[in-house]
Amino acid sequence: MSERKLKNILITGGCGFIGSNFINYLLGKSATGQKEFMDSAFTGRIINVDSLTYAGNPENLEEVQKEFAGSRYFFEKADITDRAKMEEIFCKYDIDTVIHFAAESHVDRSILGPEAFIKTNVMGTYVLLDVARKYWGISLENRREDVLFHHISTDEVYGSLGPTGFFKEDTPYDPRSPYSASKAASDHIAFAYYHTYGMPLTLSNCTNNYGPYQFPEKLIPLMVLNMTEGKKLPVYGKGENIRDWIYVEDHNRAVWQIVKNGKAGQKYNIGGENEWQNIRLLEKLIEITSREANLDISKVKATVTYVKDRPGHDARYAIDCSKIKKDLSWERKMTFEQGLELTVKWYLNHKDWINNIKNGSYLTWLEKNYRSR
């Protein structure tokens with residue numbers, strides 16, 4: 001098929017970590033100034049829908065807001081489970097594309113309180129799919145190629161790997177946490193809409209992302225900030241769990257390739273081909289952060305603390321991303337060493353951003369700077 005011509009893209013969760021990096025990418029901005037990532041060539045309008053839960057930070061889009069608000073960028077504070085509001089937004093902006101990032105995503109929080117994950121990840125996805133289907137007039141008798149719903153998911157839906165092997169697009173789902181179960185459910189609902197109604201749909205399952213703007217509860221920013229504050233560095237179990245890591249802008253380039261050229265009804269795995277044991281990753285972070293922040297590395301190493309393992313903690317994730325490489329000519333550009341250094345430096349150089357999260361002032365930034373249009 002020819003490349004899709006996109007005009008009005010609805011991006012859900014656009015104030016979160018990956019979503020805000022994606023919006024910056026589409027509009028030619030890079031938090032770390034890496035020009036090799038600025039290749040989107042998108043000229044249409046972006047409508048960012050975010051309910052601004054604790055992890056949604058409008059400051060991530062400050063430059064976009066200043067330069068593009070009211071012309072190419074529009075913000076709507078709304079909950080994706082609010083059907084009436086979603087219908088209003090589709091009509092107001094004549095949405096032709098949905099890129100669905102919005103999700104509750106922290107595994108530990110899902111263990112303590114699963115309900116929010118079921119509401120947002122399952123019901124929210126259903127509402128968006130159904131509103132899009134009706135607004136676009138989609139049915140098996142009325143298939144369309146000029147609109148698209150792209151659903152962002154995770155490799156955690158596949159469960160846990162042993163010492164060898166990789167997750168492929170046809171790997172059976174085997175989620176182990178309330179978070180991954182809610183994402184697995186949303187994936188199944190999305191494909192049900194493709195098969196039942198003919199919804200023009202693509203889906204991607206991505207491995208662990210890292211980079212600027214990630215909320216400090218996640219592993220890499222948490223460890224960097226704890227080091228600079230002299231706090232303990234907690235490690236689950238023996239630290240032997242393995243994750244595949246990808247720089248966030250490499251992930252977003254992959255999503256954009258799928259949205260422009262991916263085949264409806266297909267899913268694509270996105271991976272960094274970059275496996276690290278948690279403890280080895282922490283050792284690398286200690287090395288980089290100690291150097292960049294002028295810390296005594298021996299004292300930092302002494303703060304590593306092994307804690308009780310997380311319930312249902314998956315042993316290993318690893319992605320086979322040969323399909324997207326072959327079908328859509330995507331390759332990651334960022335090496336892990338370079339990406340980690342850029343990420344550590346970003347957190348060290350953005351203390352105001354961190355302090356605004358700690359004192360909660362980022363949640364009031366909207367009132368001063370954003371206007372729904």
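Residues numbered from 1 in each chain as written. Predicted model: local features only at pLDDT ≥ 70, side-chain atom pairs only at ≥ 80, totals over all residues. Heavy atoms only, no water.

Some thoughts on the overall build of the chain
Piece 1. When you go through the chain residue by residue, the secondary structure sums to 14 helices and 12 strands.
Piece 2. Rg of the C-alpha trace for the chain: 20 Å, near the compact-globule value of 21 Å for 373 residues, within the 12% margin.
Piece 3. Taking the principal axes of the C-alpha coordinates as reference, the chain spans close to 65 × 50 × 40 Å.
Piece 4. The proportion of buried residues among the 373 residues of the chain is 56%.
Piece 5. Counting only contacts in the chain whose residues sit at least 6 apart along the sequence, the fraction spanning at least 24 positions is 84%.
Piece 6. Accessible area for the chain stands at about 15,600 Å²; split by element, carbon and sulfur atoms hold 50% of it.
Piece 7. The averaged location of the 49 negative side-chain charges in the chain is 1 Å from the averaged location of its 49 positive side-chain charges. (Helix = DSSP H or I, 4+ residues; strand = E, 2+ residues; numbered from the N terminus. Rg over C-alpha atoms; globule rule 2.2 N^0.38 Å. Buried < 20%, exposed > 50% of the residue type's maximum accessible area, 1.4 Å probe, protein only. Contact = heavy atoms within 4.5 Å. Areas by Shrake-Rupley, 256 points an atom, 1.4 Å probe, with all protein chains shown as cover. Lys, Arg positive; Asp, Glu negative; His and termini not counted. Charge placed at Lys NZ, Arg CZ, Asp CG, Glu CD.)

Some thoughts on the pattern of salt bridges
Piece 1. Scanning the entire structure with this criterion turns up 24 salt bridges.
Piece 2. Here Asp130 and Arg133 are joined by a salt bridge, their closest N and O atoms 3.1 Å apart. Here Asp130 pairs with Arg133, and both are found in helix H5 (residues 115-136), just three residues apart, close to one helical turn.
Piece 3. Overall, the relative accessible area of 4% leaves Asp130 in the buried class.
Piece 4. For Arg133, a relative accessible area of 16% corresponds to the buried category.
Piece 5. The shortest N-O distance in the salt bridge between Lys325 and Glu273 comes to 3.1 Å. Residue Lys325 is located in helix H11 (residues 322-328), and its partner Glu273 is located in the loop between strand S10 (266-270) and strand S11 (275-277); the two are separated by 52 residues in the primary sequence. (Salt bridge = Lys/Arg side-chain N within 4 Å of Asp/Glu carboxyl O.)

Brief notes about the sheet that holds strand S7 (residues 208-210)
Piece 1. Reading across the sheet, the three strands line up as S7-S9-S11 and stay open at both edges, with mixed pairing between neighbours. Of all the strands in the sheet, the pair left with one neighbour each is S7 and S11. Taking the axes of each pair of neighbouring strands and ignoring which way they run, one obtains an average angle of 50° across the sheet.
Piece 2. Inspection of the sheet shows S7 paired to strand S9 (residues 242-247) by three bridges, in the parallel sense. Each bridged residue has a counterpart across the sheet, and for Asn209 the counterpart in S9 is Ile246.
Piece 3. Each of S9 and S11 touches helix H9 (residues 278-292); the most contacted strand, S11, lies at about 90° to it. (Pairing = 2+ DSSP bridges. Axes fitted to C-alpha atoms, helices over the stretch in contact; angles between N-to-C directions.)

A look at the packing of helix H3 (residues 83-93) against H5
Piece 1. Contact geometry for H3 and H5: axes closest at 10 Å, N-to-C directions at 40°. For the element pair H3 / H5, the angle class is oblique. Viewed along their axes, H3 and H5 form a crossing whose handedness is right-handed. Only Tyr126, Val127, Leu128, Asp130, Val131, Ala132, Lys134, Tyr135 and Trp136 of H5 make contact with H3, whose side of the interface consists of Arg83, Met86, Glu87, Phe90 and Cys91.
Piece 2. A per-class count over the contact of H3 with H5 returns 10 nonpolar, no polar and four charged. (Parallel < 35°, antiparallel > 145°, perpendicular 65-115°, else oblique. Left-handed = near helix turned anticlockwise from the far one by under 90°. Nonpolar A, V, L, I, M, F, W, Y, C, P; charged D, E, K, R; others polar.)

What to know about the pairing of strand S2 (residues 45-50)
Piece 1. Most of S2 is tucked away: five of the six residues are buried.
Piece 2. In terms of strand pairing, strand S1 (residues 8-12) meets S2 through five bridges, oriented parallel. Paired with Ile11 across the strands is Asn48, a residue of S2.
Piece 3. Summarising the sheet, S2 and strand S3 (residues 73-77) pair through five bridges and their orientation is parallel. In the strand pairing of S3, Ile47 is matched with Phe74.
Piece 4. As a crossover connection, the stretch from S2 through helix H2 (residues 62-68) into S3 is right-handed. (Right-handed = clockwise from strand over helix to strand, strands pointing away.)

Describing helix H8 (residues 248-261)
Piece 1. With 14 residues, H8 extends 20 Å from end C-alpha to end C-alpha; this agrees with the ideal 20 Å at 1.5 Å per step.
Piece 2. The buried fraction of H8 is high, at 13 of 14 residues. (Expected span 1.5 Å × (residues − 1).)

Examining the sheet that holds S10
Piece 1. Within the open sheet, the seven strands sit side by side as S3-S2-S1-S4-S5-S6-S10. Their pairing is parallel. Two strands lie at the open edges of the sheet, namely S3 and S10, each paired on one side alone. Along the sheet, successive strands turn relative to each other by an average axial angle of 20°, direction set aside.
Piece 2. Relative to strand S5 (residues 148-154), strand S4 (residues 97-100) runs parallel, the two being bridged by four bridges. Each bridged residue has a counterpart across the sheet, and for Ile99 the counterpart in S5 is His150.
Piece 3. Where helix H1 (residues 17-26) meets the sheet, it contacts S1, S2, S3 and S4, and its direction lies at approximately 155° from that of S1.

Some points on unusual backbone geometry
Piece 1. Non-glycine residue Leu52 carries a positive phi angle of around 55°.
Piece 2. Along the polypeptide, Leu52 turns up in the loop between S2 and H2.
Piece 3. In this structure Leu52 comes out as buried when scored by relative accessible area, which is 14%.
Piece 4. Of note in the backbone geometry, Asp94 takes a positive phi value of approximately 50° without being a glycine.
Piece 5. Residue Asp94 is classed as partly exposed on the basis of its relative accessible area, which comes to 45%.

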